[in-house]
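Residue-level structure breakdown
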Amino acid sequence: MLAIDKVRKVFGDHVILDDLSLDVAEHEVVALIGASGSGKSTLLRCVNLLTEVDDGAIHLDGEEITDPRADPDLVRRRIGLVFQSYNLFPHMTVLENIMLAPVRVHRRSSDEARAQAMQWLDRVGLAEKAGAYPDRLSGGQQQRAAIVRALVNSPRLLLLDEVTSALDPELVGEVLTMIRELKSDGMTMVLATHEMGFAKQVADRVAFLDGGRVLEQGPPEQVLGDPVEPRTRQFLARIIEAGRL
Ligand SMILES: Nc1ncnc2c1ncn2[C@@H]1O[C@H](COP(=O)(O)OP(=O)(O)OP(=O)(O)O)[C@@H](O)[C@H]1O
């Protein structure tokens, strides 16, 4: 469904993505792990066309989205991206935040967008927060609202960049639960994470990024429990040392 083919991204003298290839099947959840600076966010930004690739191609449902003729707005409608910090507009209520893109960008009627937003908010237990401003919500609630904002565009693919990193540990669970529910709905997701527990719990496959490439990939229990590559072992040893596995 998503095919990343030999994507290259260079910032200055630094090759961040070095002919990186990765395929993601429909309904699959892939976790990207790797050291800080290994290019996880850059890769997600390339898929969402926020960062232009220098070489290589990315296909979604067989269509090349990195083709310069592809309309980025149309592509982003099919690919939702949620960042570490929730990026809800502080001067808008939760409902207004969620309705913004459907009404302004996708020209849906307010009634339709409101109904759909409320359906999602209800589903994730945030219906009573619809009229609240983001600063009245906990971090976990804000992050769930940010995910709903991506979901109302009915994306084919959801990209999650460190969505639990900014949260207090006791709030991580509610976001994890929501992501698990999306997975059981069949949502295809690619997520970048430093939390190996998170990767283990939700991912069908874990891909370890190193040196601008996917060095090793496979089921979480294999990559996280019994990695083949010495560099993956090294990375995991550091994570264990830091108490994050
Ligand atoms: N716009 C940019 N201009 C220059 N360098 C950049 C830019 N964006 C990212 N980089 C560099 O690219 C490298 C990869 O960054 P990236 O954020 O993709 O890594 P990451 O694996 O997501 O890291 P982290 O786990 O810390 O979030 C870093 O060295 C970063 O400084």
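Predicted model, so just to flag it, every value in this text is computed and none were measured.

Quick look at the overall build of the protein chain now. Helix and strand counts for the protein chain stand at 9 helices and 10 strands. Over its C-alpha trace the protein chain gives a radius of gyration of 18 Å, about what one expects of a compact globule, namely 18 Å for 245 residues. Here the protein chain holds 245 residues, and 39% of them are scored as buried. Long-range contacts, defined here as pairs at least 24 residues apart, represent 65% of the contacts in the protein chain between residues at least 6 apart.

The next point concerns the environment of Val152. If you trace the backbone, Val152 turns up in the loop between helix H5 (139–151) and strand S7 (157–161). On a C-alpha basis, the gap between Val152 and Pro102 in space is 7.4 Å, while along the polypeptide they are 50 residues apart. Not counting residues up to four positions away in its chain, the partners in contact with Val152 are Ile98, Pro102, Gln116, Ala117 and Trp120.

It is worth spelling out the site of the ligand at this point. Close to the ligand lie Phe11, His14, Ile16, Gly34, Ser36, Gly37, Ser38, Gly39, Lys40, Ser41, Thr42 and Ala192. Mapped by element, the contributors of at least two residues to the shell around the ligand are strand S2 (14–24) and helix H1 (40–47). For the shell around the ligand, the element with the most residues is H1, which contributes 3 residues.

A few words on the nonpolar core. Counting residues in each nonpolar core, the largest one holds 65 residues, and the members touching the most others are Leu32, Leu159 and Val206. The residues touching Val206, leaving out its near neighbours within four places in the chain, are Ala31, Ile33, Ala199, Gln217, Gly218, Pro220, Val223 and Leu224.

In this structure, strand S1 (residues 2–11) lies alongside strand S4 (residues 55–60), joined through 5 bridges in antiparallel fashion. When the bridges of S4 are listed, Ile4 appears paired with Ile58. Of the strand pairs in this sheet, S4 and strand S5 (residues 63–64) are connected by 2 bridges, and their pairing is antiparallel. Bridge pairing links His59 to Glu64 in S5.

Turning our attention to unusual backbone geometry. Where the residue is not glycine, phi is negative for most of them; where a peptide bond is considered, it is trans in most cases. Backbone geometry at Asp61 places phi at a positive 50°, although glycine is not the residue there. Along the chain, Asp61 falls in the loop between S4 and S5. Assessed through the 12 C-beta atoms surrounding it within 10 Å, Asp61 is described here as exposed.

Running from N to C, H5 and helix H6 (residues 169–184) point in directions that differ by 20°, and their axes come no closer than 8 Å. With respect to their mutual orientation, H5 and H6 come out roughly parallel. Our pair here, H5 against H6, has a crossing hand that is right-handed. Within the contact between the two elements, H5 uses Gly139, Gly140, Gln143, Arg144 and Ile147 and H6 uses Leu171, Glu174, Val175 and Met178. Looking at the contact of H5 with H6 residue by residue, the class counts come to 4 nonpolar, 3 polar and 2 charged.

A few words on the pairing of S2. Successive residues of a regular strand alternate their side chains across the two faces of the sheet. One ladder, built from 7 bridges, connects S1 with S2; its direction is antiparallel. What sits directly across from Val7, in S2, is Leu20. Two successive antiparallel strands, S1 and S2, enclose a turn made up of 2 residues, where Gly12 displays a positive phi of approximately 60°.

All right, on to helix H4 (residues 110–123) then. Across its 14 residues, H4 extends 20 Å between first and last C-alpha, which sits within 8% of the 20 Å expected from 1.5 Å per residue. Turning to H4, its buried residues are Ala113, Ala117 and Leu121. Each buried residue of H4 sits inside an arc of 65° when the element is viewed along its axis, so together they form one side. Exposed positions of H4 whose direction lies more than 90 degrees from the buried face are Asp111, Glu112, Ala115, Gln119 and Asp122. Once H4 finishes, Gly125 follows within two positions and takes phi at roughly 75°, a positive value.

What counts and what doesn't
- Residues numbered from 1 in each chain as written.
- Predicted model: local features only at pLDDT ≥ 70, side-chain atom pairs only at ≥ 80, totals over all residues.
- Helix = DSSP H or I, 4+ residues; strand = E, 2+ residues; numbered from the N terminus.
- Rg over C-alpha atoms; globule rule 2.2 N^0.38 Å.
- Buried ≥ 20, exposed ≤ 12 C-beta atoms within 10 Å, placed from the backbone.
- Contact = placed C-beta atoms within 7 Å.
- Near = placed C-beta within 6 Å.
- Core = buried A, V, L, I, M, F, W, Y, C linked by C-beta atoms within 7 Å.
- Pairing = 2+ DSSP bridges.
- Axes fitted to C-alpha atoms, helices over the stretch in contact; angles between N-to-C directions.
- Parallel < 35°, antiparallel > 145°, perpendicular 65-115°, else oblique.
- Left-handed = near helix turned anticlockwise from the far one by under 90°.
- Nonpolar A, V, L, I, M, F, W, Y, C, P; charged D, E, K, R; others polar.
- Expected span 1.5 Å × (residues − 1).
- Arc of directions from axis to C-beta.

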